[in-house]
Amino acid sequence: MQAVNTLLKNFAKCSAFHLAVRHGVKKDLFPLHRTLILSPCLKEGAPHSASEKLDLDEWKKVMKSGVPEASEAGSEHKELSTVAAAREAVEMWRLAGRAVPENISDDQLKTLMECPSKASKKKYLKFLYIKELYKKNDKRKMEEKRERRLETQEERDSKPDELKKNSFTCLWTSAIDRTYNWRVAQSMIFGQPLVFDMSFESDMSPREVANTVRQIVFSESSNRKSVDPFHIHFCNFQDNSQYHREFIKHYRQAWDKLLITVTERCYTEVFPKNKIIYLTADSPNVMKTFDHDKVYIIGSMVDKSIKTGVSLARAKRLGLETACLPLEKYLLWNTGAKNLTLDQMMHILLTLKDTGDWKKALEFVPKRKYCGFVGKSVSDLKKGLNLVNALKLGKKREVQKRQFAKNYSKKLIQK
């Protein structure tokens, strides 16, 4: 009997104790040990007591509570082992030269294992690879930008103190700016008005409106730098219109500080009709001289499709006098329409206002549109025309050569 008890004690130490310690059931160890000790007595037919039955029930509870914990631990271990195996497989694929990311997280590996097919796993790894490439590229660009910024800062620091901030240059630019502002301020009181008609927004696309505003910005800049600037008016100008939004994009905070007159009223309500001349390329009346007492109006319109007669029709409806520039009188017109950009019109009008010389003013017309001035000799004109014809003939021959080569290659491919 003593030998049996000793054997049971050793068995309990080898199995139940280690199981309880591993799964955290130390408080149930004593009832289990007692039950195992009393088991031989139960086999021999000893009287059963209530306490011994309770000990057996406790033993069953302990054994049942340890089983799910063990299964959970086993499943967790299995999951970790599969994640590690997936990581090793991904690393092998990367070393083999496949499109696989270098760094992959456990969550991404779990998502990879959940993919139903091999093709979906390849697509997911390729997606992670491309995403990693984008991140590396962005990081490289940021580093290059920082290096360039550091280089420029070092160059500025390496410059001598004389070139860093020259007080004379700063004073000179600020003095010139004040001079320009003073001239424009004087023109608002004593200068000749020049009106931009801002009522053509509905006749243009958003891109054409943006080009129009850009040309008006250039016109305002050249007018501001002239010796005797115009007093610029924006008539028929609506707030929160597309014109307004484009001007805010260009000028930003300086929009409210511009020395120009912006009004929603029509120019016929601001100036008398007998002093207004509407400048349009479609007018049958040719402008002979520049009149300093007139108010010239320019239509704020850039049309790629060249809608003829829009500004002329508007001027006729209002009963205004119209005029066009004498381009054919002074220039040998070659090709293209006679519509000029707004900044070119501003340069021409400023030159006419200062000098009154049409030839000097019409030098701002693009050279591609005319061969020369009418006053030149016949030999010079012939040379110019021959040069233009030669260029046209050369372009035509180049087109013919390309077409011949293309057709010849097609025939070879068909054979």
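Our subject is the structure that appears above.
Definitions and limits used
Residues numbered from 1 in each chain as written. Predicted model: local features only at pLDDT ≥ 70, side-chain atom pairs only at ≥ 80, totals over all residues. Heavy atoms only, no water. Pairing = 2+ DSSP bridges. Helix = DSSP H or I, 4+ residues; strand = E, 2+ residues; numbered from the N terminus. Contact = heavy atoms within 4.5 Å. Axes fitted to C-alpha atoms, helices over the stretch in contact; angles between N-to-C directions. Parallel < 35°, antiparallel > 145°, perpendicular 65-115°, else oblique. Left-handed = near helix turned anticlockwise from the far one by under 90°. Nonpolar A, V, L, I, M, F, W, Y, C, P; charged D, E, K, R; others polar. Patch = residues over 30% accessible without salt bridge, like charges linked within 9 Å, V, L, I, M, F, W, Y side chains within 5 Å. Areas by Shrake-Rupley, 256 points an atom, 1.4 Å probe, with all protein chains shown as cover. Salt bridge = Lys/Arg side-chain N within 4 Å of Asp/Glu carboxyl O. Lys, Arg positive; Asp, Glu negative; His and termini not counted. Charge placed at Lys NZ, Arg CZ, Asp CG, Glu CD.

> I would appreciate a short explanation of the sheet that holds strand 3 (residues 261-262) in the present structure.
Sheets are built from strands that pair by backbone hydrogen bonding, the pairs being arranged parallel or antiparallel. Taken together, 6 strands build an open sheet; the order of strands is 3-2-1-5-4-6 and the sheet is parallel. If you trace the sheet from one side to the other, it starts and ends with strand 3 and strand 6 (321-323), each paired once. With 2 bridges connecting them, strand 2 (residues 231-235) and strand 3 associate as parallel partners. Across the sheet, residue His 233 finds its bridge partner in strand 3, namely Thr 261. On top of the sheet, helix 13 (residues 342-354) reaches strand 1 (193-197), strand 2, strand 4 (276-279) and strand 5 (295-299); it is set at about 160° to strand 5, its chief contact.

> Explain the packing of helix 8 (residues 206-224) against helix 9 (residues 242-251) to me, please; I cannot follow it from the model alone.
When two helices pack together, their arrangement is captured by the angle between the axes and the distance separating the axes. It is at 9 Å that the axes of helix 8 and helix 9 come closest, and there the two elements cross at 50°. When the interaxial angle is binned, helix 8 and helix 9 end up oblique. When you trace helix 8 past helix 9, the crossing you get is right-handed. Contacts between helix 8 and helix 9 involve Pro 206, Val 209, Ala 210, Thr 212, Val 213, Arg 214, Ile 216, Val 217 and Glu 220 from the first element and Gln 242, Tyr 243, Glu 246, Phe 247, His 250 and Tyr 251 from the second. In the contact of helix 8 with helix 9, the residues fall into 9 nonpolar, 3 polar and 3 charged.

> Would you take a moment to explain a positive patch on the surface for this structure?
A contiguous patch of positive charge, built from Lys 145, Arg 146, Arg 148 and Arg 149, is present on the exposed surface. Tracing the chain through its elements places Arg 148 in helix 5 (residues 118-158).

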